[in-house]
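Here's the letter readout for the chains.
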Amino acid sequence: MASIIQPRVLKGFRDFLPETEIQRRGIVKILEEQFRLFGFVPIDTPILEYTEVLLGKGGGETDKQVYRFEDHGGRDVAMRFDLTVPFARFMAAHVNELYLPFKRYHMAKVFRGENTQRGRYREFMQCDFDIVGTDTASADFEILTMMHDSFHALGVSGVTIRLSHRGIFNRFLAHRGIAKESAEILRTVDKLSKIGSDAVLELLEEISGKENARAILDFIGAEGDFSEVLEKMEDLAGGEDEDTRRLKDLKAAMARCGIQESFVLDPSITRGLDYYTGVVFETFLDELPQIGSVCSGGRYNNLASLYTKQELPGVGASIGLDRLMAALEEIGTSGRNEAPVEAMVLCMDEAGTGDFHAFARTLRAAGIRAEVYPDPRKLGAQFGFAEKKGALAAVLLGEEERKAGTVTVKDLAARKNHGGLSPEEAIKLVRELTKKERN
């Protein structure tokens, strides 16, 4: 007898059971509806890319995490570790086929060979949305607005979007004479929420000296309302410039749209990646701030420069769907979590198979998710199966009903039968029973 292979899953990878996958697809559906409302269009890119395309000049932390191998043709290939770099390649390759500004969204799996821990996996799903081909306050604001509206559509009201501007921070560093250390300083400041101010201060002292380190902490620790914080940032950076005017324009747009309460100007938001050049932002759930940012991004005006000489300024954000799902579950908001089936047509006898399926087709034509139980088992077992699948109505078409042209519908929640119904009446009743679930 052949040995049985153990059904193992690789470390850092997961199976998704129906309940979880339905929840995830419900969230994706809501987000996609929002993106389309704003005029964004979907794209897709290959999971595998040439390694030189993904890693560019290399030498960063990403090189250690990427899944890289030689394919059957001897090519050096790698699995995408995010959706941003493939998008930069996509834009360079297809810019003449597209219209600018180009607004895209992309929801797909990415792969990173990093250490696994709670909420972090080696295969996970990201949701990116970007506007490329324009550097304006309008484009920045549209991304911020779409983030705000998307969380509202998911039923999450307590959301705070913290934003800042890399240009102001860079001017501040130049004003202090430490612009050359900006990349290392940015990565250190980005660790503030993880390791605390004391540890950040210690690291900054090693990079820029004690006086500069304390000045940096003073800059990123500015407090007050939007205008007060902006005034202090402006003063420490050497005065007004295009970057501070951009933030003032965004503040005015927020007030005009009545959403200013959801935004906080926070100079500690720097985003550690080098390619950000303008506005940067991170999104936090008020009920669960400890989980970290569930949606982050910013403006990048030179991202595609590795692949094309054409300037393609952009702004965008990324939602980590796995982290978002975990957070929504913890605060009791799971998005649109539809049951697999709304109505179960029971199998009364084998002779009625055609009738059972015909009525199920009628239910589906009316927009009701319907399933036919395949075996003439005891009704108790069929009712139990229907309830496990989340059905709120069971449809009975026994020999007597078929002869009379009627239908019996059982309200599974109330344990009540409604007999002698016409097909039209049965459909209407099923709709009423499932109305609460749809809402």
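Only a predicted model underlies this, so the values are computations on that prediction, with no experimental measurement involved.

Digging into the packing of helix α5 (residues 137-153) against helix α11 (residues 242-257)
Look at α5 against α11: their axes get within 10 Å of each other, and the N-to-C directions meet at 50°. Between α5 and α11, the angle is such that the two are oblique. Every pair of crossing elements has a handedness; the one defined by α5 and α11 is right-handed. The segment α5 lies against α11, with Ala137, Asp140, Phe141 and Leu144 engaging Arg246, Asp249, Leu250, Ala253, Met254 and Cys257. A per-class count over the contact of α5 with α11 returns seven nonpolar, no polar and three charged.

Here's the deal with helix α14 (residues 379-388)
For α14, the full list of buried residues reads Gln382, Phe383 and Ala386. Down the axis of α14, the buried side of the element spans an arc of 100°, and every buried residue falls inside it. In this structure, α14 carries Gly380 and Lys388 as exposed residues pointing more than 90 degrees from its buried face. Packed against the buried residues of α14 are β12 (343-345), β14 (393-396) and β15 (407-411).

With respect to unusual backbone geometry
The bulk of non-glycine residues show a negative phi, and the bulk of peptide bonds are trans. Residue Leu100 is joined to Pro101 through a cis peptide bond whose omega torsion reads 0°. Structurally, Pro101 can be placed in the loop between α4 (84-94) and β5 (102-111). Even without a glycine there, the phi angle at Arg415 is positive, about 55°. Position of Arg415 among the secondary structure elements: in the loop between β15 and β16 (416-421). Look at Arg415 and you get exposed, because its relative accessible area is 53%.

Quick word on the sheet that holds strand β9 (residues 279-285)
Strands sit in the order β1-β5-β6-β11-β10-β9-β7-β8 across an open sheet of eight strands; the sheet is mixed. Looking at which strands have only one partner, the edges of the open sheet turn out to be β1 (41-42) and β8 (263-265). Of the pairings in the sheet, the one linking β5 to strand β6 (residues 123-132) comprises ten bridges and is antiparallel in character. Paired with Lys109 across the strands is Met125, a residue of β6. Contacting β1, β5, β6 and β11 (314-320), helix α1 (residues 18-37) runs over the sheet at an angle of about 160° to β5. The strands that helix α6 (residues 166-175) touches are β7 (159-165) and β9; relative to β7, the one it contacts most, it runs at about 45°.

Criteria and cut-off values
Residues numbered from 1 in each chain as written. Predicted model: local features only at pLDDT ≥ 70, side-chain atom pairs only at ≥ 80, totals over all residues. Heavy atoms only, no water. Axes fitted to C-alpha atoms, helices over the stretch in contact; angles between N-to-C directions. Helix = DSSP H or I, 4+ residues; strand = E, 2+ residues; numbered from the N terminus. Parallel < 35°, antiparallel > 145°, perpendicular 65-115°, else oblique. Left-handed = near helix turned anticlockwise from the far one by under 90°. Contact = heavy atoms within 4.5 Å. Nonpolar A, V, L, I, M, F, W, Y, C, P; charged D, E, K, R; others polar. Buried < 20%, exposed > 50% of the residue type's maximum accessible area, 1.4 Å probe, protein only. Arc of directions from axis to C-beta. Pairing = 2+ DSSP bridges.

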